[in-house]
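Each chain, letter by letter, is given below.
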Amino acid sequence: MHVNLTIDQGNSAAKMAIWRGNEPVDVVIESNLTTHAVERFISRNNVSPANARYCSVAGNGEEFLKKLRRMIPNVMRLNSQLPLPLAIDYGTPGTLGTDRIAAAAGALSLHPGCPLFVVDAGTAVTYDYVTASGRFAGGNIAPGMTMRLEALHRFTARLPRLEMPRELPADRFLGTDTSSAMILGAVYGIVGALAYYRTRLPADTITVVTGGWATALAKICDFDVDVQPNLVSAGLNSILNFNLSNPKCCPTD
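**Some details on unusual backbone geometry**
For step 1, the next point in the chain: The phi angle at Asn 46 is positive, at roughly 55°, despite the residue not being glycine.
For step 2, the next point in the chain: Along the chain, Asn 46 turns up in the loop between α1 (35–45) and β4 (51–56).

Now the structure itself:
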């Protein structure tokens, strides 16, 4: 069975994963993505991946890709023009974030044939819908929780700068002082958005949530949420396998 490497470069960190088929062997998060970090990750698993898929929202990463291609024979960089296991119904597919494409593909690989509400709750929050027939129908982008708190501080005269606690308050939804009012406003702004979008989607839609705040948010929601911390990586692996089985794929694109 072939071994794949996926690299998801986000706004604040990169996630690397090694896969055998559809099963993850190891996953690691790197705050500073370098080819040396990739080498260490591969070495500790004593494998030699023949294929890799890379996506980034942090920059073009061309120099990193050049170095990575010296290590791994077949490196694919995700873009909307490559063959994908889902159709993209987006007015400007070239501007659609590759992390959103990968998350949608990951949700589709986990729940084929189901309508999907795919949420990535990180620095920003993306809300995307994939139809039961596997079409990316569109979605929205909003500030994440930390970004909301920072905006309240920066664009007002007296609101303080706060850190979002890792354990979100689930026992109340109204603040009793300025700090709790800001934090709960940020938290339930996102929870409320999740609940609202669900009312506009088909009743059998499955909500799949990933990102740094996924687990904390799921504890607060009063509806079923499928938390998938490695959703983007799973999507990258799914897209990579799809491309490897497609003779039209260009592996060095």
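On we go from here.
**Some remarks on α1**
Residues spaced three or four apart along an α-helix face the same direction, because each turn holds 3.6 residues.
For step 1, the next point in the chain: Of the residues making up α1, those classed as buried are Thr 35, Ala 37, Val 38, Phe 41, Ile 42 and Asn 45. In a view along the axis of α1, the buried residues occupy a sector of 155°, so they form one face of it. Residues of α1 that are exposed and angled more than 90 degrees away from the buried face: His 36, Arg 40, Ser 43 and Arg 44.
For step 2, the next point in the chain: In the core, the buried residues of α1 are packed alongside β1 (3–9), β2 (14–20), β3 (23–30) and α2 (62–71).
For step 3, the next point in the chain: Of the residues one or two after α1, Asn 46 is the one with positive phi, at around 55°.

**Thoughts on the side chain of Glu 30**
For step 1, the next point in the chain: Within the fold, Glu 30 resides in strand β3.
For step 2, the next point in the chain: Judged by relative accessible area, which is 17%, Glu 30 ranks as buried.
For step 3, the next point in the chain: Every residue in contact with Glu 30, bar those within four places of it in the chain, is listed here: Ala 13, Ala 14, Met 16, Ala 37 and Arg 40.

**Here we look at the packing of helix α4 (residues 145–154) against helix α5 (residues 178–200)**
For step 1, the next point in the chain: With their axes 9 Å apart at the nearest point, α4 and α5 run at an angle of 135° to one another. By the angle class used here, α4 and α5 are oblique. Judged by the twist between their axes, the crossing of α4 over α5 is right-handed. Two secondary-structure elements touch here, α4 through Met 145, Arg 148, Leu 149 and Leu 152 and α5 through Met 182, Ile 183, Ala 186, Val 187, Gly 189 and Ile 190.
For step 2, the next point in the chain: Its residues placed into classes, the contact of α4 with α5 shows eight nonpolar, one polar and one charged.

**Things to note about the layout of surface pockets**
For step 1, the next point in the chain: Within this model, the largest pocket holds a volume of roughly 750 Å³.
For step 2, the next point in the chain: Along the wall of the largest pocket there are 31 residues; nearest its centre are Asp 120, Gly 122, Thr 123, Gly 211 and Gly 212.
For step 3, the next point in the chain: Residue assignment for the lining of the largest pocket shows that the elements contributing at least two residues are β2, α3 (98–110), β7 (116–121), β8 (124–130), α4 and α7 (231–244).
For step 4, the next point in the chain: Of the residues contributing to the lining of the largest pocket, the split by class is 13 nonpolar, twelve polar and six charged.

**A look at the packing of aromatic side chains**
For step 1, the next point in the chain: Applying the stated rule across the entire model yields six aromatic pairs.
For step 2, the next point in the chain: An angle of 45° between the planes, with centres 5.3 Å apart, marks the rings of Tyr 54 and Phe 64 as tilted. Taken together, the positions of Tyr 54 in strand β4 and Phe 64 in helix α2 put the pair ten residues apart, joining distant regions of the chain. Take Tyr 54 and Phe 64: they sit in the same class, and that class is buried.
For step 3, the next point in the chain: Residues Phe 117 and Tyr 127 carry aromatic rings whose centres are separated by 6.3 Å and whose planes lie at 15° to one another, so their mutual orientation is stacked. Within this pair, whereas Phe 117 is found in strand β7, its partner Tyr 127 is found in strand β8, the two being separated by ten residues in sequence. Tyr 127 carries the same exposure label as Phe 117, and that label is buried.
For step 4, the next point in the chain: Just above the ring of Trp 213 sits the side chain of Arg 166; from NZ or CZ to the centre is 4.2 Å.

About the cut-offs
- Throughout, a residue's number is its position along its own chain's written sequence, starting from 1.
- A pLDDT threshold of at least 70 governs which residues receive local features in this predicted model, and a stricter bar of 80 or more applies before side-chain atom pairs are shown or counted, although totals over entire chains, interfaces and linings include all residues.
- Note that water and hydrogens are dropped before the side-chain values are worked out from all heavy atoms of the structure.
- Numbering of helices and strands runs from the N terminus, with a helix taken as a DSSP run of H or I at least four residues long and a strand as a DSSP run of E at least two residues long.
- In this scheme, a residue with accessible area under 20% of its type's maximum is buried, one over 50% is exposed, and one in between is partly exposed, where area comes from a 1.4 Å probe on protein chains only.
- Each C-beta atom gives one direction from the helix axis, and the arc is the one those directions make.
- Any two residues whose heavy atoms approach within 4.5 Å at even a single point are treated as in contact.
- Only the contacting stretch of a helix is used when fitting its axis, a line to C-alpha atoms as for every element, and angles between N-to-C directions run 0 to 180 degrees.
- Roughly parallel means an angle under 35 degrees; roughly antiparallel means over 145; roughly perpendicular covers 65 to 115; every other angle is labelled oblique.
- If you view the pair so one helix is near and one far, a crossing is left-handed when the near helix is turned anticlockwise from the far one by less than a right angle, and right-handed when it is turned clockwise.
- Here the term charged refers only to Asp, Glu, Lys and Arg, the term nonpolar to Ala, Val, Leu, Ile, Met, Phe, Trp, Tyr, Cys and Pro, and the term polar to all other amino acids, Gly among them.
- Two kinds of site are reported from a 1 Å grid over the protein atoms alone, namely cavities, where a 1.4 Å probe fits but cannot get out, and pockets, open sets with protein on both sides within 12 Å along at least five of seven lines, and residues are called lining when an atom falls within 4 Å of a point.
- Grid points are joined across faces, edges and corners, and a volume is the space filled by probe spheres set on the points.
- Ring geometry is summarised as follows: Phe, Tyr and Trp rings, the Trp one being its six-membered ring, pair when their centres sit within 6.5 Å, and such pairs are stacked at plane angles under 30 degrees, edge-to-face over 60 and tilted between the two.
- We call a charge positioned over a ring when the NZ of a Lys or the CZ of an Arg lies within 6 Å of the ring centre and within 35 degrees of the ring normal.

Shape descriptors only; they carry no functional weight alone.
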